[in-house]
Amino acid sequence: MRDAKTLAYINMFAVLGAIPTLMEIVPEAKTILGKSACSVGIAVKGGPSATLTFASGHCVMKEGCEDCAIKLPLGSPEKFNGMIDGTVTPIPSRGFTHLPFLLKKFMKITDLLSQYLRPSEEDLADAEFKKRSTTLMFGVIARAIVQIGNHDKVGMASASYITDGAVKMAIENGPSAAILCKNHHLGYSKKVPEKFTSYMTFADMETARDLFDGKINSVATVGLGGVRIGGMVSQVDNVNRILDRVALYLA
Amino acid sequence: MHEVYTHPNSQAQFRRAAKVIPSGVYGHLGPAEGCFIPVEAFPLFSDHAKGSYFWDVDGHRYIDYMCAFGPNILGYNDPDVDEAARKQREKGDCTTSPSTVMIDFAELLVDTVKSADWAFFAKNGNDVTTLAIMASRAYTHRKKIVFFKGYYHGVAPWTQKIDYAGVIEEDVANNIYIPWNDAAALERVFAEHKDEIAAVIAQPYMHGNFMDNELPAKGFWQKVRKLCTENDTVLVVDDVRAGFRLDMAGSDHYFGFEADLICFCKAIANGYNVSALCGKEFMKNTISSMSYTGSYWMSAVPFAAGIACIEKMKKLNCPQILIDKGGQLKRGLVKAAADYGYDLRVTGVPSLFYMRLADDPTLMLHQAWIAECVKRGVFFTNHHNHFINAALTDADIAETVEIAREAFEAIQKK
C-alpha cells in the first residue's frame, strides 16, 4: 500500500531532486533556463519542503523554503502528489512577479524531466538519451530508497535492520551514489565515501536499465555477474528490500 | 600449492538455469542468498559427492564444510544408510498404507530424544516449525509468538518479516521480537502480554547469519523454561540446524532443559528427505486434532535411512566426534590466520562453527579470503555457520588448513 506522505517525500527529494542532475547532463535543460535565475520553494503541509535554486545554467536543491523567490504552498501531501501528477495546480503565495519563470522555464524543465524519467521506446532508441535517462533514474531510485526507508512503514522496518555505514550503489562506467545509514535513519550522498561498508554495483547501463524497467531479476542477475554485491551484505539485503518498494511508489 | 579453480561449466549451466528457473538457483544454495562473492569463485552446480567431498561440474573436488547446509552428517553416500534405503526401496516407498518402518522410526526417536514422547513426520524443517506454532496456538488458544532476533525458522509467512516479498502485515502481526540471551526482556513481554503468548520459539543457541554465533548465557535456558511453564506457554526448540551435532538426545538436553516441542530435519537421515516434530505427551492430543499432512510425508525410504543414520550416529557418538573435529579445525585455522597477522574469530559450537575475519569490519577482507579458499578446493561460505561431518579425516583438516594458509597469502599479496 502506498502512503501519501512517503510519496510526497519521494516526489520532492527523489523526483524533483533529480532536476539538478538534469541541468548537469541534459543540454536542452540548460537551453531552457538560459540566463535566468530564480528560486522555487515548495512547502507541503504535513510533509516535505524544499527550494530549487536556478542560476548560471545550474540548479541546487535545499531543504526548507524560507528564502525562495516563488513559494508554492500545498495543503497536504495528497495535493502535492496531485501537483506532480498534473491534477492539482498550485497557487503561489509569494513571487507573483516571477510567474513567467514558473510558467515558461520551470514547467518546461519539469516536463523535460518527465520525458527522461518516463521515456518512450522511441526515445530510448537513442543511445545518448538512454544513457542520460538511466543516469537520472539511478539518482531518483537511490534518493527514493532513502525516503522510503525513512517514511514508509515497511521501509522503516527494513531500515531498522540496517547497521551504520555507507552502501555504495554504482553503475560501472556510470553514476554512483551512497545510501548512508546512521541509527537506522537513511541519507543520500552523491559522492561515495572512501570507506563504504557494502556495495551493489551494476555491470553496465544496459543491466541497470533492464533492472529498473523490471525486465530482469536482481537475484538472478547476481548469479550471472550483472550485479556485484559485497561487504556487509545484510546492509545490501535490506536496501534491496526497500528498493523493491520503489516500484510501488514510482511505477 | 593447490590449483586455482575456474568454473566455466558452472557458469554456463547457471545461464541455462536462469532461463527456466526463477533466479537460476533459488534460496540458500544459490549465489545471491548464499553470498557467493565474487560469484566466479564458487561452483554453482555439483556433479557427485562422496564422504566429506563433492565434485562440481567443472571436475573440481571440494572438502565440503557446508554439508548441503547440514544434512550430510555421516559423509555423503554413507554405505550403511544407503543400504538401508536401498532395501526399503525394493519393498516400497510411497504407498497407499504407510509402512511400519514409520513406527520403528518414531520409536527410535522417542528412545533417543530426551524430550520426545512421540514423533510426527514431514519433509522439511519449515513443515515442522510451522506445525509446532500451529499446535501451540491450538493448545493455548492464543495468538502471539515470541522470537529471538537473528532467528531463522523457515520460509513460511509467519517466519518472515513484514518487508519480505509476499508477506502481509497480518502474517506477522502477532510476532514479538526480543534480543537473544535477554531473559529480562522475555519476562517483560510475558507481563505486557499476559495470557496472550502461545509459544516461545528459539534455536538452541544464536546461530544466525551475518553475526558471530552466541551460546546461551549461564542460566538463560532454565529461566526461559521457567517463564514458559509459569505462563502456560509452549516452549518450542528449533533444532533443525543444530540437531544431532550437539547431542543425540537433542540440543535442549545439551543445554540442560526440556523443550515442549522440538523440531528436527537436516541431519536426521543423512540427506534422505524427512523431518520430525517431537514433543511431550501433553501436546500429543492437540497434534492429533490438526489437519496437517503432505503427499510424501509417510514415504518409507527416508524412514529406513533415518533409522540407519540415527543408529550409526549413536554407535559412533557422532556429536562428540564432530565437536572434536571442529575443534581441531578451528585451532588450525585460527593459528594459520595469526601466522599471517589476521584475527580469525570462530564462534558457536565447533561442530557447526561460524567464522569472521575481525580485521575488517566491512567483511570485504573476509569475503576475499573465503573466495581464495573456495578457489583452491575448500568449500566455506561467507556468512552462515558451517557443518562438520563424520567422514572428515585428519588429512582433510590438515589440507584445509594448508589451503587456508595459501588463501591468506593470496589476500596478503592483493
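What you are looking at is a predicted structure, and each value in this text was computed from that prediction instead of being measured.

Caption draft 1: Structural view of the overall build of chain A. A count of helical and extended segments in chain A gives 11 helices and 9 strands. A principal-axis box enclosing the C-alpha atoms of chain A has dimensions of 55 × 40 × 35 Å. The buried share among the 251 residues of chain A stands at 55%. The contacts in chain A between residues at least 6 apart in sequence include a share of 67% that link residues at least 24 apart. By element, 54% of the accessible surface of chain A is carried by carbon and sulfur atoms, the whole surface being about 11400 Å². Distance from the positive charge centre (28 side chains) to the negative charge centre (24 side chains) of chain A: 6 Å.

Caption draft 2: Molecular detail of the nonpolar core. Of all hydrophobic cores here, the largest spans 114 residues; its most connected members are B:Leu109 and B:Trp369. At 10 residues, helix H9 (residues 300–316) of chain B tops the list of elements feeding residues into this core. Core analysis: the next-biggest nonpolar cluster, separate from the first, contains 77 residues, A:Ala50, A:Phe138, A:Ile171 and B:Cys35 among them.

Caption draft 3: View of the pattern of salt bridges. In total, this model carries 29 salt bridges over all chains according to the counting rule given. One salt bridge in this structure joins A:Lys153 and B:Glu169, with 2.2 Å as the shortest N-O distance. With A:Lys153 in helix H8 (residues 153–159) and B:Glu169 in the loop between strand S5 (144–148) and strand S6 (175–178), this pair bridges two chains. B:Asp339 serves as the salt-bridge partner of B:Arg405, at 2.7 Å between the closest nitrogen and oxygen. Of this pair, B:Arg405 sits in helix H12 (residues 394–413) while B:Asp339 sits in helix H10 (residues 318–339), and the two are 66 residues apart along the sequence. Under the relative-accessibility criterion, B:Arg405 is labelled partly exposed at 26%. Here the residues in one salt-bridge network are B:Glu372, B:Lys375, B:Arg376, B:Glu406 and B:Lys414, joined through shared partners.

Caption draft 4: Region of interest: the packing of helix H11 (residues 364–375) of chain B against H12(B). Residue and element names in this part refer to chain B. Look at H11 against H12: their axes get within 8 Å of each other, and the N-to-C directions meet at 130°. If you check the angle between H11 and H12, you find them oblique. Crossing geometry of H11 relative to H12 is assigned as right-handed. Each of Leu 365, Ala 368, Trp 369, Glu 372 and Cys 373 in H11 lies in contact with H12, whose residues at this interface are Ile 403, Ala 404, Ala 407, Phe 408, Ala 410 and Ile 411. When its residues are assigned to classes, the contact of H11 with H12 shows 10 nonpolar, no polar and 1 charged.

Caption draft 5: Structural detail: the state of the cysteines. Counted according to the given criterion, the structure contains 0 disulfides over all chains. Here A:Cys68 is not cross-linked by a disulfide; its sulfur's nearest cysteine counterpart is in A:Cys65, at 5.0 Å. The structure places no disulfide on B:Cys67, whose sulfur is separated from the nearest cysteine sulfur, that of B:Cys318, by 10 Å. Exposure remark for B:Cys67: the relative accessible area of 0% places this residue in the buried category.

What counts as what
Residues numbered from 1 in each chain as written. Chains lettered and ligands numbered in written order. Predicted model: local features only at pLDDT ≥ 70, side-chain atom pairs only at ≥ 80, totals over all residues. Heavy atoms only, no water. Helix = DSSP H or I, 4+ residues; strand = E, 2+ residues; numbered from the N terminus. Buried < 20%, exposed > 50% of the residue type's maximum accessible area, 1.4 Å probe, protein only. Contact = heavy atoms within 4.5 Å. Areas by Shrake-Rupley, 256 points an atom, 1.4 Å probe, with all protein chains shown as cover. Lys, Arg positive; Asp, Glu negative; His and termini not counted. Charge placed at Lys NZ, Arg CZ, Asp CG, Glu CD. Core = buried A, V, L, I, M, F, W, Y, C linked by side-chain atoms within 4.5 Å. Salt bridge = Lys/Arg side-chain N within 4 Å of Asp/Glu carboxyl O. Axes fitted to C-alpha atoms, helices over the stretch in contact; angles between N-to-C directions. Parallel < 35°, antiparallel > 145°, perpendicular 65-115°, else oblique. Left-handed = near helix turned anticlockwise from the far one by under 90°. Nonpolar A, V, L, I, M, F, W, Y, C, P; charged D, E, K, R; others polar. Disulfide = S-S within 2.5 Å.

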